[in-house]
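Here is how the chains run, residue by residue.
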Amino acid sequence: MSAESPGARDRISRWRGSFRTWRWQRPFWAGLLSLLAGVPIMYFPYNDLNAGGFTINMSTTAGSASLIIGVLLVVLGLTMWFQPMVRVFAGVATILLGLVSIPVSNFGGFLMGFLLALFGGGMSISWAPGETSAGQPAEGPGNASEDDGNGGSVPEPAGAGSAPDQEATNGRHRAG
């Protein structure tokens, strides 16, 4: 007997499939990078780093601005996940906040937060929802395109057709 029941395996595979579907419908990686960009920007100004026997205090006068920038980046990352229709606004705002973090919060979280914000914002702007493969008609004998001899195809003229219902009557075309 196995210690793992077949019901657990089915639940896990169902959960993975539903998560994969959810992930493909939104800029998931852009949101994750934007969310991760806020962490070093928030973390370094409020933490003491220990290097050997030395304690390095990284707090700046703009510590509250670093906290605000970091929180906004986390919120923008979550916005990309749960409101994908505002992905362009969230991407532009992420890039701008990443740029503002350079002078405000220790070179943008020692460039880690800055670079993550730039990549996440750029990915959010460039992401587009995938098109579902709707049943497109296959090329049949009436839809085949002609070859022009150079590897390209010549489109069929708009008024082509021998049936009388497809031709113009008295200078007017029939819509339909």
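If you're wondering where the values come from, they're calculated on a predicted model, not measured in any experiment.

What counts, and where the lines are drawn
Residues numbered from 1 in each chain as written. Predicted model: local features only at pLDDT ≥ 70, side-chain atom pairs only at ≥ 80, totals over all residues. Heavy atoms only, no water. UniProt positions renumbered as here; feature names shortened; annotations may be inferred. Helix = DSSP H or I, 4+ residues; strand = E, 2+ residues; numbered from the N terminus. Core = buried A, V, L, I, M, F, W, Y, C linked by side-chain atoms within 4.5 Å. Buried < 20%, exposed > 50% of the residue type's maximum accessible area, 1.4 Å probe, protein only. Contact = heavy atoms within 4.5 Å. pLDDT = per-residue confidence, 0-100.

## Let's talk about the UniProt feature "transmembrane region" (unreviewed entry) in the protein
The sites that carry the UniProt feature "transmembrane region" (unreviewed entry) are, in the present numbering, residues 28-46, 58-78 and 85-104. With 84% helix and 0% strand, residues 28-46 has its two end C-alpha atoms placed 29 Å apart.

## So, the nonpolar core
Looking at soluble globular proteins, one finds that nonpolar side chains tend to be buried together. Ranked by size, the top nonpolar core spans eleven residues in total: Ala 30, Ala 37, Ile 41, Ile 69, Leu 73, Leu 76, Met 80, Ala 90, Ala 93, Leu 97 and Ala 117. Elements that contribute at least two residues to this core include exactly helix H2 (28-43), helix H3 (63-82) and helix H4 (87-104). Counting residues per element, this core draws most heavily on H3, at four residues. Beyond its immediate chain neighbours, meaning those up to four positions away, Leu 97 contacts Ile 69, Leu 72, Leu 73 and Leu 76.

## So, the confidence of the model for the protein
Confidence in the prediction of the protein, expressed as mean pLDDT, is 79, and 67% of residues score 70 or more. Put simply, strand S3 (residues 146-147) is where the protein has its lowest mean pLDDT, 54, and helix H6 (residues 112-126) is where it has its highest, 94.

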